[in-house]
Amino acid sequence: MTFRRMAFQIFKANLRRYLLFFLCSSFTIMVFFAFYSLYTNPDFNDPYQVNGMVSGNLYAPFLVMRVFAVLFIVYAQMAFLKFRKSDFGLLMVLGMTSHNIRKIIFFENSMIALASILTGLGAGTVFSGLFFFIISLFVNIGDSAFSLTLDSYLYTIKFFGMIYIVVIGIHLLLTLRYNIVRLLKESRTAERSLLHGKITTVIGGLLLGITVFDMITQYNPDDARRMLTNLGVSMVGVYLLLSGLGDWMKLIFSRSAKAYHKHLMFSSDLNYTLGRSKIVLSLITFLVFITIFLSGIIFYITWDAENISVKNNPYDIAYAEVFGKNSIPPETLNEIMDHGATPLLSHQELQYIDLFYFKVFLDQNINTLIGSDYHVENGHFLNLALVAPGEEWKNQRPEMPIFDMKLPTGNHTLHSQGLVLKMIFNPVPNLMNGLHVIVNEVDYKALKAENMDAIGSLQLLNFKDWKKTSGIDAELNAALANYNKNHTKSWYGNDRQEALVFSTKSRISEYFQLKESGQFGIFVITFVGLIFFGASGIVLHFSIQTDLERERIKFRKLNKIGITSKDVAQMIGGPLKVLFFLPYVLGIALATVYVVSSSRFEMSVALAPFWFCLLVGGAYLLFQVLFYYLYTKIYTRKMLAHLQLLEVPLTEQDSTPIYLEI
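Below is a summary of the structure that appears in this document. Please read these numbers as outputs of a predicted model, since none were measured by experiment. (Residues numbered from 1 in each chain as written. Predicted model: local features only at pLDDT ≥ 70, side-chain atom pairs only at ≥ 80, totals over all residues. Heavy atoms only, no water.)

Some remarks on a nonpolar patch on the surface
Point 1. Taken together, the side chains of I199, V202, I203, L206, W248 and L251 present a nonpolar region at the surface, about 510 Å² in accessible area.
Point 2. Within the residue set of the nonpolar patch, elements represented by two or more residues are α8 (198-217) and α10 (245-254).
Point 3. Among the elements that take part in the nonpolar patch, α8 stands out by supplying four residues, more than any other.
Point 4. For L206, the location among the structural elements is in helix α8. (Patch = residues over 30% accessible without salt bridge, like charges linked within 9 Å, V, L, I, M, F, W, Y side chains within 5 Å. Areas by Shrake-Rupley, 256 points an atom, 1.4 Å probe, with all protein chains shown as cover. Salt bridge = Lys/Arg side-chain N within 4 Å of Asp/Glu carboxyl O. Helix = DSSP H or I, 4+ residues; strand = E, 2+ residues; numbered from the N terminus.)

So, in structure tokens, the structure goes:
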């Protein structure tokens, strides 16, 4: 038999392993392509057609998908080559050189990579359309149309091409260390690591503690870099924690002679399993953490949409009249209010001066509006930051130290008297393109005299039931857009942009945006969560299968000294419980801490995101329990069949050993 024929026979015998790796790679590429096609869809990212909160909800899941694609493909490639190492050892025994092995590795993996990319793109082309259609059922996408661009194909090919090139290159370099003995023993030896021992667990625990403390005390949702840094450090901490956890468990068992002898086999298997599977456990912990973290935040925001809308908008509807824009006649406004679904309770006005980069308010007007007692001293001003109650920590705008007033007599410099963090009025779009300052009456009148054409007026409307103001808000926005188009000069040369900048800011519009964004977010994160759940199951399967031969040899030897089918089932179930549930418990606990910490709420309010995390985590864990039960049952039956113990009932009464000769 020629080497080529022998290699082909080995390939044919392991076709199922090749097929699983190929399908995993193709599926990952298909999902990635669908996400990227939607992520770069120009219509979907058009704020005039799709709510920006909806399209923005795709950023985090797609970022996670990129990280997942790298980790999953790399691990699947590692597991696949681990399967093949014993085959390579056999081929080298028969005379094949390391150079021939490198050719086989390059050829096999290149063909699988190429086939995976082509199949993934083909399936992704079909799935992208279905994905877009399903999304259109959950959210209002306006006139957005499904489209595929050349960039989607090229980016996917480049992204996964680079992953495969790097991974294959690393494995080709590792062949320089191949020797026959090591390759033949590969399936029966544990992974070797420099990081082990009890001290690594302590270091890992310290790293996790540091990141949790930083999240509680320093984290801000707008600081994405800090979040990613903490996440990276946390994953390193999890890996170190798992690297030495087996030694700690062994120490705990050894403290009691009775417990040590009772759980001798379990302790040994647990130590080996944790040492061998720390990469697998770390990867699954990351997948579970991301799923629970994003789910907890999205579910909480959707659930709390009403409260968020009220906190962010002190008035039911608000809009600004300035530079002639939005100056609809009073009779037009009254007609809209009179025909609304809910009666108008109050209509207040707040005057201000629009200096483009600065919006200037009078302290007395603010006091009259909200009943405050602000008093700005001569030569000073107050910085105003619109921040919802209880969320003052979110403010990222530094206090402006000086404010130069340009007057005919020259520049008049005012010095800061402090910073006011309060949601005094709704954050109307054309008011949010500058800094807000509060001055005293003397300075306000001086500025007003020089900027008469820049006097603006905030119109603040409250109704009996703000949840019934949807029609009123829509009619008012239509009236404002029509007035600006017919009576004022366009600032942007774009009717949609003009209407967006000079639109109202209302509770009901933000409420609908949050609900729609939440529905889309829930759909996306559910979809991603199911993918991650399937991926974690595949990773576990790879991990268990790479150690299958060692387990068979172990049980055959134990069978010679009297092991029963009941003993086999118990010994299989113990380590598998660690593999199946330890990363889920770590991921759920870590995600819950991150969500509650990042919310930075008072404890009474923080219980809401806490319970949402536990709810999602519990559902995720329930699926894992079902998967564990089915997988363990099938795995145990196959192992018993291999040992010819399948006919022995798995009952408490039957403990009769069956001896096999090997």
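Next comes the rest of the account.
Here we look at the packing of aromatic side chains
Point 1. Scanning all chains against the criterion turns up 39 aromatic pairs.
Point 2. Ring centres of W466 and Y511 lie 5.7 Å apart, and the angle between their planes is 85°; this geometry places the pair in the edge-to-face category. Placement of W466 in the loop between β8 (455-463) and α18 (470-487) and of Y511 in helix α20 (residues 507-546) is noted, with a sequence separation of 45 residues between them. Residues W466 and Y511 agree in their burial class; the two are buried. (Phe/Tyr/Trp six-rings, centres within 6.5 Å; stacked < 30°, edge-to-face > 60°. Buried < 20%, exposed > 50% of the residue type's maximum accessible area, 1.4 Å probe, protein only.)

Remarks on helix α15 (residues 330-338)
Point 1. Buried within α15 we find L333, I336 and M337. Each buried residue of α15 lies within a common arc of 100° when the element is viewed along its axis, so the set occupies one face. Across from the buried face of α15, at angles greater than 90 degrees, the exposed residues are E331, E335 and D338.
Point 2. Where α15 is buried, its residues contact β1 (317-321), β2 (344-354), β8 and α18. (Arc of directions from axis to C-beta. Contact = heavy atoms within 4.5 Å.)

Looking at the pairing of β2
Point 1. Judged from the nine bridges that link them, β2 and β8 form a sheet pairing that is antiparallel. Bridge pairing in β8 links I353 to I455.
Point 2. With two bridges joining them, β2 and strand β3 (residues 358-362) adopt antiparallel strand pairing. Bridged to I353 within β3 is V360.
Point 3. With antiparallel pairing between neighbouring strands as the criterion, β2 and β3 make up a hairpin whose turn holds three residues, including F356 at a positive phi of roughly 70°. (Pairing = 2+ DSSP bridges.)

Concerning the sheet that holds β3
Point 1. Taking strand neighbours across the sheet as the criterion, the nine strands line up as β5-β6-β4-β7-β3-β2-β8-β1-β9 in an open arrangement whose pairing is mixed. The strands lining the two open edges of the sheet, one partner per strand, are β5 (402-407) and β9 (505-506).
Point 2. Of the strands in this sheet, β2, β3, β7 (435-439) and β8 are in contact with helix α16 (residues 363-370), which crosses β3 at around 70°. (Axes fitted to C-alpha atoms, helices over the stretch in contact; angles between N-to-C directions.)

Considering unusual backbone geometry
Point 1. Positive phi is not limited to glycine here, since N326 has a value of about 65°.
Point 2. The residue N326 is located in the loop between β1 and α15 in this model.
Point 3. With a phi angle near 70°, F356 is a residue other than glycine that sits in the positive phi range.
Point 4. Among the secondary structure elements, F356 is positioned in the loop between β2 and β3.

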